[in-house]
Amino acid sequence: MRTMLSLALVLFCSVSVAQEAWRPAEGPLVTPWAEDVSPESVHDEYPRPQMVRPEWTNLNGLWHYAIRPRGEDRPEMWDGRILVPFPVESALSGVKKQVGAENRLWYRRTFPAARPADEGRLLLHFGAVDWRCEVWVNGQPAGEHQGGYDAFTFDITDLLRDDEQELVVAVWDPTDQGYQPRGKQVVEPRGIWYTPVTGIWQTVWLETVPAASISSYTLAPDVDRGSATFHVNTAQSQIADEAAIARVRVLLPATDDKPRRDAVDSYGAPGEPIVVKLPADPAIRLWSPDSPYLYDVEITLHKRVADKANNAGEQLDKVTGYFGMRKISLGKDVDGLVRLMLNNEPLFQFGTLDQGWWPDGLYTAPTDEALLFDIEMTKKLGFNMIRKHVKVEPARWYYHCDQLGLLVWQDMPNGDRHIGRDDRDIVRSPESAENFRREWREIMDENRNHPSIVVWVPFNEGWGQFATEKILAWTKQHDPTRLVDGPSGWTDRGVGEMHDMHRYPGPAMPEPESDRAVVLGEFGGLGLPLEGHLWWNKRNWGYRTYKTRDELWSNYRRLIRELHPLIGRGLAAAIYTQTTDVEGEVNGLMTYDRRVVKFDPEKMTALHARLHEPPPILETTTVVPTSEKQGEMWRYTTTRPAENWAAPGFDDSSWREGEGGFGEPTTPGSAVRTRWKTGDIWLRRAVQIPAGALTQPHLRIHHDEDAEVYVNGRPVASLTGYVTEYIQYELDDKAREAFKEGANVIAIHCKQTGGGQYIDAGIVNVVEKPEE
């Protein structure tokens, strides 16, 4: 009995220690998937879906960690346990501590591994480690790597010992104090800048490969020729490339007539092009958002034997994967406008700006199901594209996009210094420039086989922008199968394949060009803070912020209706900001914790479907003129008036009189006739509206910055931020009720905080003309 009690006590204590070994640190928000995270099962899906082997070992789980000054060697004592692959700053790591540029983050774990049989090799893979890391196995250096967004591998076979293996990793990351790509990470999070991410943030795993093995492959589909070209690369091994031959086998679609799938084989030397010609029967299946068909592929490496068919002897290695037959290009529509062409057909690409951040895991999604959820919801809401914004995701994220049919515009994460809208490119140090090229090349090479990725975006809004023309040309030369956007927003240099404008809230577009597509790379940003789903209780913001879901929907619908006519004028793509709230930003389609979708998916999908219909022909007529062409008289004051200042009966006889518009002449798009330099201005204007004059009223306004507009004392529009040209703002039913036949009073309060300033407004009707 005593023995049984002792054993029970030992078992109880063992279980208790295991249960207490890890728990999430406390954080402001958690996602629904956090409860599925455990050290025994954390991101245990195969991490490389396009190049699969059966033998692999997941090293995610509990590791020891320590944070020590950068100059110190390996620690003798460890600070505690960390759940890999979650960044140390995240709640799901169990640590939630910042490291800082003055320190290094150390990891340690042990694992069982025997030397592979038949002279095989054991590879140690890291999905991503931010930023510079050193790796030791059993006290011996295994290798070093610099780059926070690309996978890397070390062959550790010769470092193995007979007993348990020890793995130690040291990481240094200067965040925004260095020149390296970092995306939106900053030491002091604020506004659009988020929490730092240091160390391991993607899966760590082991893989056993043969002595002669396939190290990677690239593929390029050719829709026009009905073929795909593969290059199969081999690892350094005991067999030279000239003594080996590779086979690419593509499995064809099953049909009613052929339920058993046929295959097409092609052979070639490693490193040389291997062209797979797809037969016309069964018909070639193209990849698109509506039909994301993927061909399964098997790639094998063989000994070259002269007297064998195709010279393929003994099989040495095998990997499996997939690819999509997809072409992305520029082309002109029937009206001569440059469009984005998918498989030689124009397709308006409409997507979300996707940051890829999580409140509990930061860069790392809690689970693969969580990673998939964002993509599924994006498609459910009626989008066909995602712009992955200054971050690179794990391979499984792109795999899900491939499977579901979401187009992807892939950003290069920004680093180094930023420039303003009108500044010249920065001049990087040789080290910074070389690092940018190396990391960008690795990102492109690692992800180039994904059919979902259709656009590379080297620069965003002048962040780290340098040698623009050279970098865009080099990007296109490195991967001619995709389009190059450059840059996205702000500082266009007349190069690249797109002229990309950012406009908040928008929408707007550049003037059409003869050889580049014009796109709206960011717009929207409509915010709705929801109590109980906020990262911060204060400091939350959107480019426009609303109080109710109805108000948010009304204004979002207005944006999309205004977007539709721009497509007819030549707009080729648009990207709404953004998929989810992120830290202080509350302008997501979903809350940061993904527990609330702020929009009705059915209404959203129906609204977005109209963007793929022929754009409307709009007729605009003036009801109340602005001062764009001729100055209109207003009463105004820069001293705060009485509370009822917007009411029709208010006595404004003591106010000054002046011609619109009001502001500083240097303000873009302005027509200043009366100078205004103070922080606030209040305007009133009496106007006559004939009976039946209002049919589809829009406010035509140019505001810099916040403007509140009233008609007959009733609020009809609240506009935050600024615009750089006159825009037409659709008035909802409630606003229209403020107007009456005959005499009306339009009143405006405009507030200025910095930079340019301007205010002017009028009323127009915008009517959709019937098709002839």
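Structural data are supplied above this passage.
In what follows, the accompanying structure is described. (Residues numbered from 1 in each chain as written. Predicted model: local features only at pLDDT ≥ 70, side-chain atom pairs only at ≥ 80, totals over all residues. Heavy atoms only, no water.)

### Some points on the overall build of the protein chain
Item 1. Helix and strand counts for the protein chain come out as 8 helices and 44 strands.
Item 2. Whereas a compact globule of 772 residues would reach a radius of gyration of roughly 28 Å, the protein chain reaches 30 Å, a difference of no more than 12%.
Item 3. Across its three principal directions, the C-alpha atoms of the protein chain cover 95 × 70 × 55 Å.
Item 4. For the protein chain, with 772 residues in total, the buried portion stands at 58%.
Item 5. Of all intrachain contacts in the protein chain linking residues separated by at least 6 positions in sequence, the fraction that spans at least 24 positions is 71%.
Item 6. Of the roughly 32,700 Å² of accessible surface on the protein chain, 48% is carried by carbon and sulfur atoms.
Item 7. The averaged location of the 114 negative side-chain charges in the protein chain is 2 Å from the averaged location of its 86 positive side-chain charges. (Helix = DSSP H or I, 4+ residues; strand = E, 2+ residues; numbered from the N terminus. Rg over C-alpha atoms; globule rule 2.2 N^0.38 Å. Buried < 20%, exposed > 50% of the residue type's maximum accessible area, 1.4 Å probe, protein only. Contact = heavy atoms within 4.5 Å. Areas by Shrake-Rupley, 256 points an atom, 1.4 Å probe, with all protein chains shown as cover. Lys, Arg positive; Asp, Glu negative; His and termini not counted. Charge placed at Lys NZ, Arg CZ, Asp CG, Glu CD.)

### Notes on helix α3 (residues 395–404)
Item 1. For α3, a buried count of 7 out of 10 residues is recorded, marking the element as mostly surrounded by other parts of the structure.
Item 2. Residues of α3 that are buried in the fold lie against β19 (312–323), α2 (368–380), β24 (385–388), β25 (407–411), α4 (430–447) and β26 (453–457).
Item 3. Gly-405 sits one or two positions beyond α3 and adopts a positive phi of about 85 degrees.

### Here we look at a negative patch on the surface
Item 1. Residues Glu-35, Asp-36, Asp-44 and Glu-369 make up a contiguous surface patch of negative charge.
Item 2. In this fold, Glu-35 is placed in the loop between α1 (2–20) and β1 (56–58). (Patch = residues over 30% accessible without salt bridge, like charges linked within 9 Å, V, L, I, M, F, W, Y side chains within 5 Å. Salt bridge = Lys/Arg side-chain N within 4 Å of Asp/Glu carboxyl O.)

### Description of α4
Item 1. Compared with an ideal rise of 1.5 Å per residue, which puts 18 residues at 26 Å, α4 spans 26 Å between its outermost C-alpha atoms and is within 8% of the ideal.
Item 2. For α4, every residue scored as buried is listed here: Ser-432, Ala-433, Asn-435, Phe-436, Arg-438, Glu-439, Trp-440, Ile-443, Met-444 and Asn-447.
Item 3. Looking at the buried side of α4, the elements it contacts are β8 (140–146), α3, β25, β26 and α5 (468–478). (Expected span 1.5 Å × (residues − 1).)

### Structural notes on the packing of aromatic side chains
Item 1. Applying the stated criterion to the full structure yields 42 aromatic pairs.
Item 2. Note on Tyr-149 and Trp-201: the rings are 6.3 Å apart at their centroids and 70 degrees apart in plane angle, and the pair reads as edge-to-face. Here Trp-201 lies in the loop between β11 (199–200) and β12 (204–209) and Tyr-149 lies in the loop between β8 and β9 (152–155), a separation of 52 residues in the sequence. The pair Tyr-149 / Trp-201 is uniform in exposure class, with both members buried.
Item 3. Taken together, the ring pairs in this structure connect Tyr-149, Tyr-194, Trp-201, Trp-357 and Tyr-363 into an aromatic cluster.
Item 4. Positioned above the aromatic ring of Trp-172, the side-chain terminus of Arg-70 is 3.6 Å from the ring centre. (Phe/Tyr/Trp six-rings, centres within 6.5 Å; stacked < 30°, edge-to-face > 60°. Lys NZ or Arg CZ within 6 Å of the ring centre and 35° of its normal.)

### Quick word on the packing of α4 against α5
Item 1. Running from N to C, α4 and α5 cross one another at 30 degrees; their axes reach a closest spacing of 11 Å. On the basis of their axis angle, the class for α4 and α5 is roughly parallel. In this structure, α4 meets α5 at a crossing whose hand is right-handed. For the pair α4 and α5, contact is made by Phe-436, Arg-437, Trp-440, Arg-441, Met-444 and Asp-445 and by Lys-470, Ile-471, Trp-474, Thr-475 and His-478, respectively. (Axes fitted to C-alpha atoms, helices over the stretch in contact; angles between N-to-C directions. Parallel < 35°, antiparallel > 145°, perpendicular 65-115°, else oblique. Left-handed = near helix turned anticlockwise from the far one by under 90°.)

### Digging into the pairing of strand β32 (residues 571–577)
Item 1. Counting buried positions along β32 gives 7 out of 7 residues, so the element sits mostly inside the fold.
Item 2. Note that strand β23 (residues 349–354) and β32 share 5 bridges and pair parallel. Pairing of Thr-352 across the sheet is with Tyr-576, part of β32. (Pairing = 2+ DSSP bridges.)

### Description of the pattern of salt bridges
A side chain with one charge can pair with a side chain of the opposite charge if their charged atoms come near.
Item 1. Applying the stated criterion across every chain, the model contains 45 salt bridges.
Item 2. For Arg-714, the salt bridge goes to Glu-737, with nearest N and O atoms at 3.8 Å. Separated by 23 residues along the polypeptide, Arg-714 in strand β41 (residues 714–719) and Glu-737 in the loop between α8 (733–736) and β43 (742–751) bring together distant segments of the chain.
Item 3. On the accessibility criterion, Glu-737 (53% relative accessible area) is exposed.
Item 4. Among the charged side chains, a salt-bridge network with shared partners connects Arg-48, Arg-53, Glu-207 and Asp-317.

### Describing the sheet that holds β1
Item 1. The 4 strands lie next to each other as β1-β12-β5-β9, forming an open sheet whose pairing is antiparallel. Looking at which strands have only one partner, the edges of the open sheet turn out to be β1 and β9. Across the sheet, the mean angle separating the axes of adjacent strands is 20 degrees when strand polarity is ignored.
Item 2. Sheet topology note: the strand β5 (residues 121–126)/β12 ladder contains 6 bridges and is antiparallel. Across the sheet, Leu-123 pairs through a bridge with Glu-207, a residue of β12.

### Section: the nonpolar core
Item 1. Among the nonpolar cores identified, the biggest contains 43 residues, and Trp-357, Trp-397, Phe-436, Trp-440 and Phe-466 are the most heavily contacted of them.
Item 2. Here this core takes 5 residues from α4, the largest share from any one element.
Item 3. Apart from the residues lying within four places of it in its own chain, the contact partners of Trp-440 are Gln-410, Asp-411, Met-412, Trp-456, Val-457, Pro-458, Trp-474 and Thr-475.
Item 4. Core analysis: the second largest hydrophobic core is formed by 34 residues, Val-518, Leu-528, Leu-530 and Met-604 among them. (Core = buried A, V, L, I, M, F, W, Y, C linked by side-chain atoms within 4.5 Å.)

Purely geometric numbers; function is a separate question.
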